[in-house]
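Structural overview
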Amino acid sequence: MATRFEFVLHGSNPAALRAAAEEALDEVDRQEGQLSLFRPGSDLARINASGHHAPVRMAPEVFRLIERALALSHATDGAFDITAGTWMRALGFHAPGEPEPFHEIPTLSSVPGNGIELDPSAFTVRLTRAGVRLDLGAIGKGYALDRAADLLRDAGVSSALLHGGTSTIVAVGTTPSGEPWKVALPTGEAIPLRDESLSVSATWGRTVRSGTTTLGHVIDPRSGTPVEGNRMAALVCASATDSDALSTALLVLGPAGRDAVLRAARSTRSWFA
Ligand code: AMP
Ligand code: MG
């Protein structure tokens with residue numbers, strides 16, 4: 001995920017907190033080892049390398065995350081789509097310096113999740129078309145934070161704030177004084193959080209240059225081009241996996257997609273800029 005993760009924990013036993021934090025950070029590393037397409041040998045790297053030739057067996061939890069990603073893809077009419085890796089690679093985000101010619105990007109269908117075939121009995125994933133690449137960049141850090149927060153809660157931590165790349169934030173419980181955690185959006189607005197997650201997606205998060213244009217890193221799968229009109233979208237959910245994926249969908253869809261995304265998120269709180 002190539003992202004910086006930071007955790008703040010409160011409690012009365014520093015040794016226990018340190019042990020819990022180390023376990024949670026190790027879990028983030030473990031998740032990165034299976035979800036990052038940049039880690040050679042990760043489940044994602046293996047699907048992208050050979051998933052078109054034969055089904056690739058996943059760790060069961062990675063398989064379930066891909067199933068969740070496909071459900072979110074359907075719930076957002078394809079605005080969130082992990083086959084966006086196909087365009088990310090073609091635009092040069094996966095291998096900086098070596099963009100492929102744009103016209104060689106495979107034409108994908110507008111059916112969400114098309115190009116991916118799952119076999120739940122064998123935990124295998126197959127890519128049904130040549131050139132399709134999966135990318136969990138819009139959901140993986142949220143999933144890793146959910147797993148880390150689970151471990152902290154299991155260890156008895158009742159007050160913590162976790163973030164991955166400052167774009168997905170998980171509040172465990174409240175601040176030590178019992179107030180909700182407060183996290184500022186790029187717009188300056190302070191958002192109260194209590195056992196919730198906030199994700200922010202922005203076109204300026206990562207960019208590549210193509211000739212004289214700057215391309216943002218969130219792709220509108222319906223057109224295969226980087227999102228331009230909307231600059232930022234933010235969303236609060238119970239789960240960081242969902243807030244991460246759905247903030248990306250909200251950036252793609254803009255205010256017109258707010259109702260559909262909030263329904264999928266079971267949330268009422270979203271922001272645009
Ligand atoms: P985020 O910062 O969470 O909005 O995620 C953006 C990242 O997810 C990008 O850097 C890509 O790796 C990937 N991505 C880009 N567009 C999409 C999309 N429409 N659906 C799913 N993932 C995407
Ligand atoms: Mg996201």
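Coordinates for the structure precede this section.
Below is a summary of the structure that appears in this document.

Definitions and cut-offs
- Residues numbered from 1 in each chain as written.
- Chains lettered and ligands numbered in written order.
- Predicted model: local features only at pLDDT ≥ 70, side-chain atom pairs only at ≥ 80, totals over all residues.
- Heavy atoms only, no water.
- Donors = N, O, S within 2.8 Å, 3.2 Å for Na, K, Ca; no water.
- Helix = DSSP H or I, 4+ residues; strand = E, 2+ residues; numbered from the N terminus.
- Buried < 20%, exposed > 50% of the residue type's maximum accessible area, 1.4 Å probe, protein only.
- Axes fitted to C-alpha atoms, helices over the stretch in contact; angles between N-to-C directions.
- Parallel < 35°, antiparallel > 145°, perpendicular 65-115°, else oblique.
- Contact = heavy atoms within 4.5 Å.
- Nonpolar A, V, L, I, M, F, W, Y, C, P; charged D, E, K, R; others polar.
- Left-handed = near helix turned anticlockwise from the far one by under 90°.
- Near = heavy atom within 4 Å.
- Polar contact = N/O pair within 3.5 Å; in protein donor to acceptor, adjacent residues only side chain to side chain.
- Areas by Shrake-Rupley, 256 points an atom, 1.4 Å probe, with all protein chains shown as cover.
- Pairing = 2+ DSSP bridges.
- Salt bridge = Lys/Arg side-chain N within 4 Å of Asp/Glu carboxyl O.

Some details on the coordination of the magnesium ion (ligand 2)
In this structure, Asp-244 (O), Asp-244 (OD) and Thr-248 (OG1) serve as the protein donors to the magnesium ion (ligand 2), at separations of 2.1 to 2.4 Å. Of this pair, Asp-244 and Thr-248 both sit in helix α6 (residues 240-253), four residues apart, roughly one helical turn. Relative accessible area serves as the criterion here: at 2%, Asp-244 is assigned to the buried category. Note on Thr-248: relative accessible area 11%, which makes it buried.

Regarding the packing of α6 against helix α7 (residues 258-265)
Running from amino to carboxyl end, α6 crosses α7 at an angle of 170°, the nearest separation of the two axes being 9 Å. Considered as vectors, α6 and α7 are oriented roughly antiparallel to each other. Contacts from Leu-246, Ala-249, Leu-250 and Leu-253 in α6 reach Arg-258, Val-261, Ala-264 and Ala-265 in α7. Split into classes, the residues belonging to the contact of α6 with α7 amount to seven nonpolar, no polar and one charged.

Details of the packing of helix α5 (residues 140-154) against α6
Across the interface, α5 lies against α6 with an axial gap of 7 Å and an inter-helix angle of 165°. If you check the angle between α5 and α6, you find them roughly antiparallel. When you trace α5 past α6, the crossing you get is right-handed. Between α5 and α6, the contacting residues are Gly-140, Lys-141, Gly-142, Tyr-143, Leu-145 and Asp-146 on the first element and Ala-240, Thr-241 and Asp-244 on the second. In the contact of α5 with α6, the residues fall into three nonpolar, three polar and three charged.

Concerning the site of ligand 1
Near ligand 1 lie 18 residues; those nearest to it are Asp-135, Ser-201, His-217, Ile-219 and Thr-248. Asp-244 places a polar side-chain atom, nitrogen or oxygen, 2.9 Å from an oxygen atom of ligand 1. For ligand 1, the protein covers 96% of the area, taking 500 Å² as the surface of the free molecule. When the residues that make up the shell around ligand 1 are grouped by side-chain class, the tally is nine nonpolar, four polar and five charged.

Some thoughts on the sheet that holds strand β14 (residues 232-237)
Overall, antiparallel pairing links the six strands, which are arranged β1-β5-β6-β9-β14-β15 in an open sheet. Bordering the open sheet on either side are β1 (5-9) and β15 (270-272), each of which pairs with just one other strand. Ignoring which end each strand starts from, the neighbouring axes of this sheet average 10° apart. In this sheet, β14 lies alongside strand β9 (residues 196-202) in antiparallel orientation, the contact comprising six bridges. Within the sheet, the bridge partner assigned to Ser-201 lies in β14 and is Ala-233. Across the sheet, α6 touches β6 (168-173), β9, β14 and β15, and the angle it forms with β9 is around 30°.

Digging into the pattern of salt bridges
Considering all chains together, one arrives at eleven salt bridges under this definition. The residue Glu-6 makes a salt bridge to Arg-4 at a minimum N-O spacing of 3.2 Å. You can call Glu-6 partly exposed: its relative accessible area is 35%. A relative accessible area of 60% means that Arg-4 is categorised as exposed. Between Arg-46 and Asp-43 there is a salt bridge whose closest N-O contact spans 3.2 Å. Note that Arg-46 and Asp-43 are positioned in helix α2 (residues 43-50) at a spacing of three residues, about one turn of the helix. Judged by its relative accessible area of 32%, Arg-46 is partly exposed.

So, the environment of Gly-211
Inspection of the secondary structure puts Gly-211 in the loop between β10 (207-210) and β11 (213-216). Taking the C-alpha atoms as reference, Gly-211 lies 38 Å from Arg-30; in sequence the two are 181 residues apart.

A closer look at the pairing of β9
Most of β9 sits inside the fold, with six of its seven residues counted as buried. Here β6 pairs with β9 via four bridges, running antiparallel. Note on β9: the bridge partner recorded for Ala-171 is Glu-196.

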